[in-house]
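Close look at the chain arrangement
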Amino acid sequence: MLDYPIQLNTLEFKAVVADLVKNCDEIIETGTFQGNGSTKIFAETGKYVFTMECNAVNHHIASQNLMQYQNVAPFHALSLGREDLIRFLMHEKFDLQTNYDSVYPKTFYMREIGERVLFENGLDLFCNNDRKQLIFLDSAGGVGYAEFLEVMSYKPEYLNNKVLMLDDVQHIKHCRSVAKLLEMGQDVHLSAENRFAWCYLKF
Ligand SMILES: C[S@@+](CC[C@H](N)C(=O)[O-])C[C@H]1O[C@@H](n2cnc3c(N)ncnc32)[C@H](O)[C@@H]1O
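About the cut-offs
- Residues numbered from 1 in each chain as written.
- Predicted model: local features only at pLDDT ≥ 70, side-chain atom pairs only at ≥ 80, totals over all residues.
- Heavy atoms only, no water.
- Helix = DSSP H or I, 4+ residues; strand = E, 2+ residues; numbered from the N terminus.
- Rg over C-alpha atoms; globule rule 2.2 N^0.38 Å.
- Contact = heavy atoms within 4.5 Å.
- Areas by Shrake-Rupley, 256 points an atom, 1.4 Å probe, with all protein chains shown as cover.
- Lys, Arg positive; Asp, Glu negative; His and termini not counted.
- Charge placed at Lys NZ, Arg CZ, Asp CG, Glu CD.
- Near = heavy atom within 4 Å.
- Polar contact = N/O pair within 3.5 Å; in protein donor to acceptor, adjacent residues only side chain to side chain.
- Nonpolar A, V, L, I, M, F, W, Y, C, P; charged D, E, K, R; others polar.
- Buried < 20%, exposed > 50% of the residue type's maximum accessible area, 1.4 Å probe, protein only.
- Arc of directions from axis to C-beta.
- Phe/Tyr/Trp six-rings, centres within 6.5 Å; stacked < 30°, edge-to-face > 60°.
- Axes fitted to C-alpha atoms, helices over the stretch in contact; angles between N-to-C directions.
- Parallel < 35°, antiparallel > 145°, perpendicular 65-115°, else oblique.
- Pairing = 2+ DSSP bridges.

With that out of the way, let us pick up the overall build of the protein. Each helix and strand counted, the protein has nine helices and seven strands in total. For a compact globule of 203 residues, the expected C-alpha radius of gyration is about 17 Å, and the protein comes in at 16 Å, within 12% of that figure. With respect to the principal axes defined by its C-alpha atoms, the protein has extents near 40 × 40 × 30 Å. The contacts in the protein between residues at least 6 apart in sequence include a share of 69% that link residues at least 24 apart. Of the accessible surface of the protein, which amounts to about 10,000 Å², a share of 52% is contributed by carbon and sulfur atoms. Distance between charge centres in the protein, computed from 19 positive and 27 negative side chains, equals 2 Å.

Next up, the structure:
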């Protein structure tokens, strides 16, 4: 089990988001959950928010919880293509900080992404462009790094307009993403308790 709540809505997160969105026109999120964590903080910035959740029950609850925010569009969607997700999980060694979700992470995460959704490849749809965006990656532990690699595959001139935020940076979800950003010489900032990180991408 994670030793902190699934929802990310701390005062520190709120303050960091308020600062980062000053230079962004919109926010893209993977992993809405029930809409009462990070998504609510994003909603309250007044910026456009496009958020994706692959679990129908969570999506339904999130839609109710976010109803009052006209700037938010919650989608029942997958961040990446399902086959790519399954392929990524199939070859994942799960030898990093992994077993907080299940002792069978491979099947656990495959089940998590198995539902029929409105659309797949949401990251490509929303983020593969030159728009000024805050991109927050917070979906399944097992596929966080796949989402990071997808975003980093976009053109450098696009990425220069993006601020990347990552949750669970001490776990399998994004420990490699942070290591990769540091290896690339990107200016990575870590939250007080090393739970989340952010970075203005620069190329
Ligand atoms: C850690 S929770 C998100 C927490 C949320 N950001 C908050 O602060 O309240 C992860 C969510 O991502 C969803 N999810 C997992 N894989 C996904 C994917 N590939 N695309 C979209 N949603 C995904 C799960 O169903 C789960 O509800």
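Let's shift gears to the site of the ligand. In the vicinity of the ligand there are 25 residues, among which Leu8, Gly31, Ser38, Glu53 and Asp138 approach most closely. Take Asn58: an N or O atom from its side chain is 3.2 Å from an oxygen atom of the ligand. In the model, a nitrogen atom of the ligand is placed 2.7 Å from a nitrogen or oxygen of the Asp138 side chain. Class assignment for the residues of the shell around the ligand results in 10 nonpolar, nine polar and six charged.

Before going further, it helps to examine helix H4 (residues 82-91). Listed as buried for H4 are Arg82, Leu85, Phe88 and Leu89. One side of H4 carries all its buried residues, which in axial view fall inside an arc of 125°. Opposite the buried face of H4, at more than 90 degrees from it, the exposed residues are Glu83 and His91. Contact partners of the buried residues in H4: helix H5 (105-112) and helix H7 (144-152).

Let us look at the packing of aromatic side chains. The full count for this structure, using the stated rule, is 13 aromatic pairs. Judged by centre distance (5.4 Å) and plane angle (70°), the rings of Phe42 and Phe136 are edge-to-face. A residue pair is termed long-range when its members are at least 10 positions apart, and Phe42 in helix H2 (residues 38-43) and Phe136 in strand E4 (residues 133-137) qualify at 94 residues. Since its relative accessible area comes to 0%, Phe136 is described here as buried. Here the aromatic rings of Tyr48 and Phe50 are separated by 6.1 Å at their centres, their planes lie at 20°, and the arrangement is stacked. Tyr48 gets classed as exposed once you look at its relative accessible area, which sits at 51%. A connected cluster of aromatic rings, assembled from ring pairs, spans Phe13, Phe42, Phe136, Phe196 and Trp198.

A separate point is unusual backbone geometry. Positioned with a positive phi, Phe33 is a non-glycine residue whose angle comes to about 55°. The exposure class assigned to Phe33 is partly exposed, which follows from its relative accessible area of 24%. One non-glycine residue, Asn194, lies in positive phi territory at about 55°. Here Asn194 is to be found in the loop between strand E6 (189-190) and strand E7 (196-200). Its relative accessible area of 33% is what places Asn194 among the partly exposed residues.

Moving on, we get to the packing of H4 against H5. Contact pair H4 / H5: the axes reach a minimum separation of 9 Å and the direction vectors enclose 170°. With respect to H5, the axis of H4 lies roughly antiparallel. Across from Ile86, Leu89 and Met90 in H4, the residues of H5 making contact are Lys106, Tyr109 and Met110.

Let's shift gears to the sheet that holds E4. Within a sheet, each strand pairs with its neighbour through backbone hydrogen bonds, oriented either parallel or antiparallel. Pairing within the open sheet is mixed, and its seven strands lie in the order E3-E2-E1-E4-E5-E7-E6. Of all the strands in the sheet, just strand E3 (72-76) and E6 have a single pairing partner and so form its edges. Of the pairings in the sheet, the one linking strand E5 (residues 162-167) to E7 comprises five bridges and is antiparallel in character. Within E7, the residue paired with Met165 across the bridge is Trp198.

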